[in-house]
Amino acid sequence: MRNDCLSALLTWLLITPSAAGVSEANPYMMSEEAATDLIALPEAGKNNEISSNGSVPVTGVESIDKNHKDKEREKPALLVEPVLNGDSTVNTESKVVSEVEYIESENLNDVEDVDTSLKTLLTGLESKDWVSMCEALNDVRRLSLFHKEAMVDMLGNVISLIVKSLKNPRSAVCKTAITASADIFKAYCDSIVDSMDPLLIQLLLKSSQDKRFVCEAAEKALIAMTTWVSPSLLLPKLQPNLKHRNPRIRAKASSCFSRSVPRLGVEGIKAYGIEKLIQIAASQLSDQLPESREAARTLLLELQNIYEKTLNVTPAAVSDEDPETISWEHFCQSKLSPLSAQAVLRVTNLTREGIVLGS
């Protein structure tokens, strides 16, 4: 087969000398380039012959180049910065990998030096390096748990920088800031009420529309807030967020509001105004999100239970009146619009009927 190919090529060269690189002056003398190609031809023929036996596939130059480029594209990108040696050459055996460990509050250790930590705290919270920010946030947690008196004077500035960290696009920074918020609620309780408005709105936002593990951390922080901050101080902070234009923020605020009201106790509910609380809960029954509506139902049932057990006592001034006039139904109808009263009574009566049927 190889001899046939060579014979055909030589015949073609003799017929068309100019196309084959043969000199017109001497038709029997080939150009150097054509001669080189002719010398390489037997090797190509050998490859073809090997390929026809099925042992080694033929791969052209263009095919090799294309496969090489495809393999280069398939290689994963280097996500970490390479470490340079002293002579500026790349050390491929070691890479810079920064990791942040999420430490539970009960596993936190005390800071090594309180004064040093306090001096560098604000600088660390303002750092452009996200790892340094996380370290500073963990120092905030340590100081809150072990030396809360030492950080009181700078607490306002610390909270402002925590709010800034909550807006950080890095999830690691955001989650660490959320955890720091929870520890601050536990440590300082009512002391942070005056500076908690921006912190509250960010926690409500993060608990409703972020990555799952961030939402879960924010939900824990909100539970810590409703646990450690007095409800009489917290409810006025939550109430404006019940009408927020973002329905997710309304829903989370409604859940926090519902958890906080029972902590007022009977006397606290009287002081706050049970009719006011019923009106707030009634307005949430028609909210867009199910979470808001469920929180409103839970709150209304709690208020009904408290009203019927402790507040539905005929005062001396109205002892001659029909006791029915101060029933739960009458009270709701006297304090709410007809549509709102109907909605509230539907929720509370259906639940009561369900309890009776279940017993």
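Residues numbered from 1 in each chain as written. Predicted model: local features only at pLDDT ≥ 70, side-chain atom pairs only at ≥ 80, totals over all residues. Heavy atoms only, no water.

So, the overall build of the protein
- Along the backbone of the protein there are 16 helices and two strands.
- Expressed as a percentage of the 359 residues in the protein, the buried residues total 35%.
- Contacts in the protein between residues at least 24 apart in sequence constitute 63% of all its contacts with a sequence separation of at least 6. (Helix = DSSP H or I, 4+ residues; strand = E, 2+ residues; numbered from the N terminus. Buried < 20%, exposed > 50% of the residue type's maximum accessible area, 1.4 Å probe, protein only. Contact = heavy atoms within 4.5 Å.)

Details of helix 6 (residues 155–166)
- Along its 12 residues, helix 6 runs 16 Å from first to last C-alpha, staying within 8% of the 16 Å computed at 1.5 Å per residue.
- All buried positions along helix 6 are accounted for by Leu155, Val158, Ile159, Leu161, Ile162, Val163, Ser165 and Leu166.
- Lining the buried residues of helix 6 we find helix 4 (114–125), helix 5 (130–146), helix 7 (171–188) and helix 8 (197–206). (Expected span 1.5 Å × (residues − 1).)

Examining the confidence of the model for the protein
- Looking at the protein, the pLDDT average stands at 78 and 65% of residues meet or exceed 70.
- A low-confidence stretch, residues 354–359 (pLDDT under 50), is modelled with zero contacts involving residues beyond four sequence positions or located in other chains. (pLDDT = per-residue confidence, 0-100.)

Notes on the nonpolar core
- Formed by 80 residues in total, the largest nonpolar core has its most connected members in Met151, Ile162, Ile178, Phe185, Met225, Phe257 and Leu303.
- Counting residues per element, this core draws most heavily on helix 7, at 11 residues.
- When near neighbours in sequence (up to four residues on either side) are disregarded, Met225 contacts Phe185, Met196, Leu200, Leu234, Leu238 and Cys256. (Core = buried A, V, L, I, M, F, W, Y, C linked by side-chain atoms within 4.5 Å.)

Quick word on the packing of helix 13 (residues 274–284) against helix 15 (residues 328–335)
- Remark: helix 13 packs on helix 15, axes separated minimally by 10 Å, with the N-to-C direction vectors making an angle of 75 degrees. Taken as axis vectors, helix 13 and helix 15 run roughly perpendicular relative to one another. Counted together, Ile274, Glu275, Ile278 and Gln279 of helix 13 and Trp328, Phe331 and Lys335 of helix 15 form the full contact between these two elements.
- Its residues assigned to classes, the contact of helix 13 with helix 15 comprises four nonpolar, one polar and two charged. (Axes fitted to C-alpha atoms, helices over the stretch in contact; angles between N-to-C directions. Parallel < 35°, antiparallel > 145°, perpendicular 65-115°, else oblique. Nonpolar A, V, L, I, M, F, W, Y, C, P; charged D, E, K, R; others polar.)

A closer look at the layout of surface pockets
- One number sums up the size of the largest pocket: a volume of about 480 Å³.
- Lining the largest pocket are 24 residues, with Glu104, Ser105, Thr179, Ala182 and Lys220 sitting closest to its centre.
- Only helix 5, helix 7 and helix 9 (212–228) provide two or more residues apiece to the lining of the largest pocket.
- The class makeup of the residues in the lining of the largest pocket is 11 nonpolar, four polar and nine charged. (1 Å grid on protein atoms, 1.4 Å probe; cavity = no way out; pocket = protein on both sides within 12 Å on 5 of 7 lines; lining within 4 Å. Points joined across faces, edges and corners; volume = space filled by probe spheres on them.)

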